[in-house]
Amino acid sequence: MRLSRKAWNNVVIISMLLMIFFFNGLHKKLNTQPVEEGVQALLPEQSFILEMAFPELKIERIGTSWRSQSLQETTWQGDEQQLEQLVELWQHQKLTIASLPVSKISQTSADYVASVWLAGEQLPAVYQLYNIDQQYYLLDKRLQRVFELEQADAAKLFPLYPF
C-alpha cells in the first residue's frame, strides 16, 4: 500500500490528534480525587481560615489572633481562646457523609447558615444546617456534600444555634 505525501501528512495529523485526546483524558483520569464514602474533612486539609460569619456573629483573623463582632443581640460572649477553639474545630472537623441526597435537603429551608472565607478563595464556603426528622445534616454548598451530625457536634460547630 503506497500513500502519497499528502495522505501521509493526514495520517500523522490524525494520529497526533488521537494521542492528544488520549493523553488529555488520561491526565484527567489520573488526577481526579476518588469520592470517598464515610468520613471526610469539613474543610480542605491545607486551607487557612480568614473569616467566619454566622447570622449573629462575625469572626475574623487579626494578625495571629481572632476578633469577634456581634451582628445582632447575642448571648454568646466568647473570649479570644474560645474563638480560636471554634475556628480550630471547623478547621479539623471530620464528619460522616450522609446517605441523604442533596435534592431532598434542598427542598427544605436551612435552620442555620455559616460562611467560611478561606485564603486563596474568592467566595466563601457556605454551610447550611438542617434538622430533619430529629437528625442534623450539614450541606456543603460549594462541593454539594451532605454530612450527618450528632447534636453534640452541631452544638460545637454552631455555638449560637438554639438546640
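Scoring rules and cut-offs
Residues numbered from 1 in each chain as written. Predicted model: local features only at pLDDT ≥ 70, side-chain atom pairs only at ≥ 80, totals over all residues. Heavy atoms only, no water. Helix = DSSP H or I, 4+ residues; strand = E, 2+ residues; numbered from the N terminus. Buried < 20%, exposed > 50% of the residue type's maximum accessible area, 1.4 Å probe, protein only. Contact = heavy atoms within 4.5 Å. Pairing = 2+ DSSP bridges. Axes fitted to C-alpha atoms, helices over the stretch in contact; angles between N-to-C directions. Phe/Tyr/Trp six-rings, centres within 6.5 Å; stacked < 30°, edge-to-face > 60°. Patch = residues over 30% accessible without salt bridge, like charges linked within 9 Å, V, L, I, M, F, W, Y side chains within 5 Å. Areas by Shrake-Rupley, 256 points an atom, 1.4 Å probe, with all protein chains shown as cover. Salt bridge = Lys/Arg side-chain N within 4 Å of Asp/Glu carboxyl O. Lys, Arg positive; Asp, Glu negative; His and termini not counted. Charge placed at Lys NZ, Arg CZ, Asp CG, Glu CD. Expected span 1.5 Å × (residues − 1). Arc of directions from axis to C-beta.

Concerning the side chain of E51
On the secondary structure map, E51 appears in strand β2 (residues 49–53). Under the relative-accessibility criterion, E51 is labelled buried at 18%. Other than its neighbours up to four places away in sequence, E51 contacts K58, I59, E60, S115, V116 and W117.

Observations concerning the sheet that holds strand β9 (residues 145–149)
The antiparallel open sheet is built from nine strands, whose spatial order is β1-β5-β9-β8-β7-β6-β2-β3-β4. In the strand order of this sheet, the two ends are held by β1 (39–41) and β4 (65–70), each with one partner. In this sheet, neighbouring strand axes are inclined to one another by 30° on average, regardless of whether the strands run parallel or antiparallel. Relative to strand β5 (residues 94–97), β1 is paired through three bridges, and the arrangement is antiparallel. When the sheet's bridge partners are listed, Q40 is paired in β5 with L95. Helix-sheet contacts for helix α2 (residues 80–92) involve β2, β3 (57–62), β4, β5, β6 (112–118) and β7 (125–132), and the interaxial angle to β4 is about 100°.

Details of the packing of aromatic side chains
Overall, the coordinates contain eight aromatic pairs when judged by the stated rule. Ring geometry for W90 versus F158: centroids 5.5 Å apart, planes at 80°, classification edge-to-face. Here W90, found in helix α2, pairs with F158, found in the segment after α4 (151–157); they are 68 residues apart in sequence, far enough to count as distant. Taken as a pair, W90 and F158 share a single burial class, namely buried. Every member of this aromatic cluster is reached through a ring pair, and the members are F54, W90, Y112, Y127, F158 and Y161.

Some points on a negative patch on the surface
A cluster of like negative charges, contributed by D79, E80, E84 and E88, occupies part of the molecular surface. With respect to the helices, strands and loops of the structure, E80 is situated in helix α2.

A short note on the pattern of salt bridges
In this structure the tally under the stated criterion is three salt bridges. R145 is the salt-bridge partner of D140, the closest N and O atoms lying 3.0 Å from each other. You'll find D140 and R145 in the same group, each marked buried.

Here we look at α2
For α2, spanning 13 residues, the distance from its first C-alpha to its last is 18 Å, which sits close to the expected 18 Å at 1.5 Å a residue. Turning to α2, its buried residues number three or more, namely L83, L86, V87, W90 and Q91. All buried residues of α2 lie within an arc of 140° about the axis, which places them on one face of the element. Facing away from the buried surface of α2 by more than 90 degrees, the exposed residues are Q81 and H92. Check the buried side of α2 and you find it contacts β2, β3, β4, β6, β7 and α4.

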